[in-house]
Amino acid sequence: MSRPILARLSDERRIKYLLALFFLVLAVPAVVLVAEAYRQLRWEAFHRAQSSAEELAARIDADLRAAAAAEEARTFGDYGFLVVEGDAAAGFVQRSPLSAFPVASAVPGVVGYFQVDASGRLTTPLLPEAGVDPAAYGVSADERAARLALESEIRDVLAENHLVQRAAAEAAAAPATRPPRKEAVSSFSSPRALESTPAQGAPGDASAETAFDRLKSARAPKLRAALAADSSAALGATRTEQAAVPEPKAPTEPRNDGARDGGRDGEFLIRMFASELDPFEVGLLESGQLVMFRNVWRDDQRYIQGALIDPERFIDGAVARTFGSSGLAHVGGLVVAYGGKTLGARGAAASAREPLYRSRLSPPFGDLELVFSAGALPLAPGAVLLAWVSVALAAVLLGGFLVMHRFAVDQIRLRRQQQDFVSAVSHELKTPLTSIRMYGEMLKAGWADEARKQTYYDYIHGESERLSRLIENVLKLARLTRQAPHLETKRLTAAELLDLARSKVATQVERAGFSLAVSNEAGDGTEAPVDPDAFTQIVINLVDNALKFSRAAERKAVELGCRRERSGALLFTVRDYGPGIPKGQLKKIFELFYRPTSELTRETVGTGIGLALVRELATAMGARVDVRNCDPGAEFRVSFRA
């Protein structure tokens, strides 16, 4: 059976996978936590925007309710050009408030007001009926032409949408007086019967009353049911009022009808009557305009009074101004719809966005719906903190993974190097001890003649020096790793340092069969702060390293030199003519226990602590050590501050 996957992997790959699994276990809950916090912030932002939209809808609805209430308060007579002001007995006649030009209204977007009587005749408060001179009430000829144009526009729109008959509209354009009330009364048995009984009009055409009834019934069934159930939202029920209406005095009209002549110079008859006024309703015409209208019952006749509304101007005045002044306009959009049909959009609602809030307005604008949408909502101030926390958490997790991985890998490599060191030290100790023991036993047994004795003594001496160097390196390294080194530096000249180095390594080089060349290019008087023992240890280790790795070189030579650098530093060099050092190992060879090959396959002796000791000793003296490849060989350089 094969071993488990992790067991088959190398130590470094195994620790990498284990650490990755560990940090994945930490990262998943952290990501879930951050995502949940971010979702909560988004929900809070959405809730704030929704509350803002709800508040805006309430403000818009309140403004429109106030405007509709102002329209509800208008009397029957306000829809004529002239009204009776004050006590009817005084007979004071003046222009109606709806006769203002340009048209002014509490409801935004009103094009103009109109009234349709029981016979289908259309009138507006823009101009008086026949027999009254507009100029007598401050209407100039130019203004009269403009009023006529607006009245014609209102008439054309209503006729186009079949709310008034074109024949009746054309007849209304010609001077005429209102038909006697008795003719209209005879057509109906009761006021409410008018809702199902068409008034007299042009043959074959539906009456204005029926057309307005159809406009009410055009609502969607669900919306009609909702409006019917929302009776508490209505502005008011049907109300009754006493009205006084001035009518031009006909030249032949008898004065025995109970009416009192209260006009100026006998020009008007003031008629008193009771009227019943229904609440206003709003409908959408096929041509796109809105119409606000109400039924008025007078003398058992049905009148329709109302106003034509331009939807764009209505949206701009009633909705866009309030919406545009809010912060929601920058991140969201608003659609105004009538029965599911879009009338207009404001804000950033052109693209597909997340639905935010829907609100139906109060009657008479109950068919209108405000649809708020949201785009990229700004998050709460805590989002910035969450982002920084997320970045910091990610950095900690990633940094922790890298640091722990690096630490674990370094420990694995250190363990391997220590194992290699133990193997190397064992080899380095065992080989010379075996030779020393063998030659010692031979000498003790007297098996060597006088000529060989000296050779054996020299070999025993060389091997003992080698052991001494090894033990010295190990002991010095142990002292350096346990505590900071305490070196006693003193200023020595280049010549003194080179002589000291030659005396320590000359025998070692000659015994290895190499030649030693010493050169001083710095001058005899150049000094540097150096600890003699540490300097000697550095040179011995560098020369020993050169001898080991250039053993197979064609040119068996070691060069010990000294020169002055441009910076003024004193540079000592040790060069060999061996194979050099691979480029990828130029920095690694100074690491503790580092060996370029495995202990099982290496061809050179050594423990991997010599160059590491060189670096430690040089650093302790404030010097810098490095190596470069030459052609051929390698050159180790130690630079001391002069």
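Before any of the text, the structure's been laid out above.
Residues numbered from 1 in each chain as written. Predicted model: local features only at pLDDT ≥ 70, side-chain atom pairs only at ≥ 80, totals over all residues. Heavy atoms only, no water.

What follows is about the packing of aromatic side chains. To describe a pair of aromatic rings, you give the distance between the ring centres and the angle between the ring planes. In the structure shown here, the tally under the stated rule is 13 aromatic pairs. Note on Y357 and F372: the rings are 6.3 Å apart at their centroids and 40° apart in plane angle, and the pair reads as tilted. With Y357 in strand β13 (residues 354-360) and F372 in strand β14 (residues 368-374), the pair connects residues that are 15 residues apart, well separated along the chain. Taken together, the ring pairs in this structure connect F22, F23 and F401 into an aromatic cluster. Taking the ring centre of F273 as reference, the NZ or CZ of R298 above it sits at 3.8 Å. Above the plane of the ring of Y577 lies R555, whose end atom (NZ or CZ) is 4.0 Å from the centre. (Phe/Tyr/Trp six-rings, centres within 6.5 Å; stacked < 30°, edge-to-face > 60°. Helix = DSSP H or I, 4+ residues; strand = E, 2+ residues; numbered from the N terminus. Lys NZ or Arg CZ within 6 Å of the ring centre and 35° of its normal.)

Every α-helical turn comprises 3.6 residues, leaving residues that sit three or four positions apart pointing alike. Along helix α14 (residues 610-620), the residues that are buried comprise G610, L611, A612, L613, V614, L617 and A618. After α14 finishes, the residue G622 shows a positive phi value of roughly 80°. (Buried < 20%, exposed > 50% of the residue type's maximum accessible area, 1.4 Å probe, protein only.)

Before going further, it helps to examine the pairing of strand β20 (residues 624-629). Judged from the six bridges that link them, β20 and strand β21 (residues 634-640) form a sheet pairing that is antiparallel. In the strand pairing of β21, V625 is matched with V638. (Pairing = 2+ DSSP bridges.)

Here we take up a nonpolar patch on the surface. On the surface, a nonpolar cluster with roughly 460 Å² of combined accessible area is contributed by L21, L24, V25, V28 and V32. For V25, a relative accessible area of 53% translates into the label exposed. (Patch = residues over 30% accessible without salt bridge, like charges linked within 9 Å, V, L, I, M, F, W, Y side chains within 5 Å. Areas by Shrake-Rupley, 256 points an atom, 1.4 Å probe, with all protein chains shown as cover. Salt bridge = Lys/Arg side-chain N within 4 Å of Asp/Glu carboxyl O.)

A word on the pattern of salt bridges. Across all of its chains, the model carries 18 salt bridges by this definition. Close ionic contact of D499 with R502 constitutes a salt bridge, the shortest N to O distance being 2.9 Å. Of this pair, D499 and R502 both sit in helix α12 (residues 494-511), separated by three residues, roughly a single helical turn. Exposure remark for D499: the relative accessible area of 44% places this residue in the partly exposed category. On the basis of relative accessibility, which here comes to 33%, the residue R502 falls in the partly exposed class. Of the charged contacts in the structure, one is a salt bridge between R637 and D626, with a shortest N-O distance of 3.1 Å. Placement of R637 in strand β21 and of D626 in strand β20 is noted, with a sequence separation of eleven residues between them. We note that R637, like D626, is buried.

Below, the discussion takes up the environment of V627. As for its position among the elements, V627 is in strand β20. Distance in space between the C-alpha atoms of V627 and K587 is 8.3 Å, their sequence separation being 40 residues. With residues up to four places along the chain from it excluded, the contact list for V627 reads I581, L586, I589, F590, A634, E635 and F636. (Contact = heavy atoms within 4.5 Å.)

The strand order across the open sheet built from four strands is β12-β11-β14-β13, with neighbouring strands paired in antiparallel fashion. Two strands in the sheet have a free side with no partner beyond their single neighbour: β12 (341-347) and β13. Across this sheet, the average inter-strand angle for adjacent strands is 20°, counted without regard to direction. Of the strands in this sheet, β13 and β14 are in contact with helix α2 (residues 11-72), which crosses β13 at around 25°. In the packing of helix α8 (residues 311-324) onto the sheet, contacts are made with β11 (332-338), β12 and β14, and the angle to β12 comes to roughly 40°. (Axes fitted to C-alpha atoms, helices over the stretch in contact; angles between N-to-C directions.)

The strand order across the open sheet built from five strands is β16-β18-β19-β21-β20, with neighbouring strands paired in mixed fashion. At either end of the open sheet lies a strand with only one pairing partner, and these are β16 (515-520) and β20. The average angle at which neighbouring strand axes cross in this sheet is 15°, direction not considered. Note: strand β18 (residues 557-564) against strand β19 (residues 570-575), six bridges, orientation antiparallel. Looking at the pairing, G561 lines up with T573 of β19. The strands touched by α12 are β16, β18 and β19; relative to β16, the strand with the most contacts, the crossing angle is about 175°. In the packing of helix α13 (residues 532-549) onto the sheet, contacts are made with β18, β19 and β21, and the angle to β21 comes to roughly 170°.

Looking now at unusual backbone geometry. With omega at 0°, the peptide bond leading from F101 into P102 counts as cis. Structurally, the position occupied by P102 is in the loop between β2 (92-95) and β3 (110-116). Note that the residue after D631, namely P632, is joined by a cis bond; omega there is 0°. Mapped onto the secondary structure, P632 falls in the loop between β20 and β21. Unlike most non-glycine residues, H162 shows phi in positive territory, near 60°. You can see H162 is positioned in the loop between α3 (141-160) and α4 (166-173). At D300, a residue that is not glycine, the phi angle is positive and equals roughly 60°.

For the pair α2 and α8, the least separation of the axes is 9 Å and the interaxial angle reads 145°. You can see that α2 and α8 cross each other, and the crossing is right-handed. When α2 is examined against α8, the residues L56, R59, I60, D63 and L64 are found in contact with a partner set consisting of F314, A318, V319, T322 and F323. By residue class, the composition of the contact of α2 with α8 is seven nonpolar, one polar and two charged. (Left-handed = near helix turned anticlockwise from the far one by under 90°. Nonpolar A, V, L, I, M, F, W, Y, C, P; charged D, E, K, R; others polar.)

Such coordinate-based values are descriptive only and should not be taken to indicate function.
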